[in-house]
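Letter by letter, the chains look like this.
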Amino acid sequence: MSLDPSRLTPMANAIRALSMDAVQAANSGHPGMPMGMADVAAVLWSEYLKFDPSAPDWADRDRFVLSAGHGSMLIYSLLHLSGYARPTMDDIRNFRQLGSPCAGHPENFLLDGVECTTGPLGQGLAMAVGMAIAERHLNANFGDALVDHRTWVMAGDGCLMEGINHEAIGLAGHLKLGQMIVLWDDNNITIDGAADLSTSEDIPARYRATGWHVVSCDGHDVADIRRAIDEAVADERPSLVACKTIIGKGAPNKQGTSATHGAPLGADEIAAARKELGWDYAPFEVPADILADWHATGERGKKAHAEWRGRLESDADTRANFENWMAGVADLAAPALEGHIAALAAEPKNVASRKASEMALGPLTEKLPQLIGGSADLTGSNNTKTPSTPAFSADDYSGRYLYYGIREFGMAAAMNGMMLHGGIVPYGGTFLIFSDYCRNAIRMSSLQRAGVVYVLTHDSIGLGEDGPTHQPVEQVMSLRLIPNLNVYRPADAIETAECWALALQTPETPSVLALSRQNLAPVRGEGDADWSVSSNRSARGAYRLRAATASRKTILIATGSEVQLAMAVADDLEARGIGADVVSMPCAELFDQQDDAYKADLLPDVSPSEILRVSIEAGVTMGWERYTMAHGLNIGLDRFGASAPAPELFERFGFTVDAIVPQILNKING
């Protein structure tokens, strides 16, 4: 039902008032964007957006993404006014203060109704592409009766300038994601000033060129906003609605300038804005009639939710299938791999861990339909496609494999959106070296508690001839710096399968699988024939792969392809009467979570003169000191690689028994 502008305008002014009051109270923030987009938001929320404040996790709700996350007071105002339990008015009064869920930028884990954490410009829109992909895929599996919703995005000039925007809209246009609508806050202002200081780009033309429908409107004219949104809804393509707005609308002396972008308006300008808007109410006060109009915006969604619930409950089998699907795969992944690991134990495989990953994905994708794979144009190298994952395309949304093209950043952000949408568990591949292209999206996976799986292959100088531009050196260790990210570097096929099981068991912790190009000799198999969830040796992050037979003088800690090297080094040392434990550490993060007793058993707290700790990893040595201690020995690569066959590179850079054993002997003998 369309509301008369005489009612929508005061609703929009409530957003303006709360935004300028909260930013002023915090003495920091961005009032301009929420004040400029308040009219568009009021129309969207009251007439188009499908939501139920009493059930914020309803699976078939529309997704609303504030990509311009600096304008966070817009979404905080919308959630409060429309009847969500939080934020309360006290939360808004404490905007940007410790303990308030109204953080400087919206954070999905603090408030229901915030679908994803935004602030790094462009990523909200790119995550929305993933949400739209998830919606179309689930619709293909469950039909319109259970899945039929839109993904709405509010984005600013910055979101559209960022490089990731090119990747995201290219993918969305190619896939014809017509349920996605972007409302562009076209105010021609950036922090530095007028947008034409830095750009003369024809943005609508760029969107049209990528297959989008584009329409424009006066962002302060209710009827024109409706017209443009109606046109976007009717079009089968994804739509960009260019909403021509005035930043800081209502602040008579500062509106239309960058002065309203990222700073409080000041007491005098707020007083003038109140007069300009006819808002004769105290700070943080919203009159009852306006609040009632806002609370009414959720009634349409509550009715739609009740009807949806009726359809879901009308068939017990359909309900069970849908709810089981949406519950995820955390409890299902390890059992799906039991037969596979038993077969590997019976017949160990000398394969690259990227190939071992493909082998594990076979039973996983066969048994877990929630898994959707993909690669950034490296499918044959990442080994991410299986017989159970046909292509997802504009012609077949039931497909389970996305060809992302050369769009690593866009791929990572889209996977975040899929995971946050629910019903999808995405994994995507590229070379480990290109993790730097998508690093901020990986960080956002961790911050948002989105359990995406990154399949990053060609993990060291072992990739060989492509040379130092493609050979990761610092990447594995740098990824270990990101909180709430599990970085797995498995040593053989069994460890790879174990790491896949673990990665899929942590829906709120993303994972990196760092995988080799070169074949890896099996180091596991004995004792693994009866493998089960409880016997996953990689689950503790590190474990004693082989105990010393002679009197223990050293502990060799290795990851990935260097575990087999550590075993060979131990053989040499044992032949000299020097006992050597071999510890495989596929995931340092999980090891750090173990209790002190387990860690002390694996790495006894004794001086290096008693037991020397040695790390062996074909990457930078920085960071290994926490496990080898200050006077331990760290074998690694603190320089860039070179172009040559892998065996020659490992010999050249000292990853051989003959190069390592003398260093250990020198340390032990002082």
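Look a little higher up for the structure.
Residues numbered from 1 in each chain as written. Predicted model: local features only at pLDDT ≥ 70, side-chain atom pairs only at ≥ 80, totals over all residues. Heavy atoms only, no water.

Caption draft 1: Broad picture of the nonpolar core. Among the nonpolar cores identified, the biggest contains 167 residues, and Phe64, Leu125, Met154, Met180, Leu183, Trp294 and Trp500 are the most heavily contacted of them. What Leu125 contacts, discounting residues up to four positions off in sequence, is Ser67, Val153, Ala155, Leu160, Asn165, Ala168, Ile169, Met180, Val182 and Tyr207. (Core = buried A, V, L, I, M, F, W, Y, C linked by side-chain atoms within 4.5 Å. Buried < 20%, exposed > 50% of the residue type's maximum accessible area, 1.4 Å probe, protein only. Contact = heavy atoms within 4.5 Å.)

Caption draft 2: Representation of the packing of aromatic side chains within the structure. For the structure on display, the rule yields 20 aromatic pairs. Geometrically, the ring pair formed by Tyr76 and Phe95 is edge-to-face, given 6.1 Å between the ring centres and 65° between the ring planes. Highlighted residues: Tyr76 in helix α4 (residues 72–81) and Phe95 in the loop between α5 (89–93) and α6 (123–142), separated in sequence by 19 residues. For Tyr76, a relative accessible area of 0% gives the class buried. Of the residues examined, Phe95 reaches a relative accessible area of 2% and is grouped as buried. Across the ring face of Phe109, the terminal group of Arg449 is positioned such that the distance to the ring centre comes to 4.4 Å. Over the aromatic face of Tyr598 sits the side chain of Arg540, whose NZ or CZ is 3.8 Å from the ring centroid. (Phe/Tyr/Trp six-rings, centres within 6.5 Å; stacked < 30°, edge-to-face > 60°. Helix = DSSP H or I, 4+ residues; strand = E, 2+ residues; numbered from the N terminus. Lys NZ or Arg CZ within 6 Å of the ring centre and 35° of its normal.)

Caption draft 3: View of the sheet that holds strand β14 (residues 511–515). Pairing is parallel across the open sheet formed by six strands, whose spatial order is β10-β9-β11-β12-β14-β13. Taken across any chain shown, the strands that pair with only one partner, and hence form the sheet edges, are β10 (401–403) and β13 (486–488). Strand-to-strand twist across the sheet, computed as the mean angle between neighbouring axes with direction ignored, equals 20°. Alignment of strand β11 (residues 425–431) against strand β12 (residues 453–457), held across five bridges, turns out to be parallel. Note that in β12 the partner of Tyr427 across the bridge is Val453. (Pairing = 2+ DSSP bridges. Axes fitted to C-alpha atoms, helices over the stretch in contact; angles between N-to-C directions.)

Caption draft 4: Region of interest: the environment of Glu465. Of note, Glu465 is situated in the loop between β12 and α20 (475–480). Assessed through its relative accessible area of 44%, Glu465 is described here as partly exposed. With 203 residues separating them in the primary sequence, Glu465 and Gly262 have C-alpha atoms 49 Å apart. When sequence neighbours within four positions are dropped, the list of residues in contact with Glu465 reads Arg517, Ser643, Ala644 and Pro645.

Caption draft 5: Region of the structure containing the sheet that holds strand β20 (residues 633–635). Here five strands make up an open sheet; going across it, the order is β16-β18-β17-β19-β20 and the pairing mixed. The sheet is open, and its two edges are formed by β16 (543–546) and β20, each paired on a single side. The sheet shows a mean angle of 30° between the axes of neighbouring strands, direction not considered. In this sheet, strand β19 (residues 612–616) lies alongside strand β17 (residues 552–558) in parallel orientation, the contact comprising five bridges. Looking at β19, one finds that Ile557 is bridged to Ser615.

Caption draft 6: Here's a closer look at the pattern of salt bridges. For the structure shown, the criterion picks out 33 salt bridges. A salt bridge links Asp293 to Arg7; the nearest nitrogen and oxygen atoms lie 2.6 Å apart. Here Asp293, found in helix α12 (residues 288–295), pairs with Arg7, found in helix α1 (residues 5–26); they are 286 residues apart in sequence, far enough to count as distant. Assessed through its relative accessible area of 16%, Asp293 is described here as buried. Here Arg7 falls in the partly exposed class, since its relative accessible area comes to 38%. Salt-bridge contacts for Asp528 lead to Arg524; the nearest nitrogen and oxygen are separated by 3.0 Å. Owing to a relative accessible area of 3%, Asp528 belongs among the buried residues under this scheme. With a relative accessible area of 6%, Arg524 lands in the buried category. Through salt bridges with shared partners, a single ionic network connects Arg309, Glu313, Arg319 and Glu323. (Salt bridge = Lys/Arg side-chain N within 4 Å of Asp/Glu carboxyl O.)

Just distances and angles here, no functional claims.
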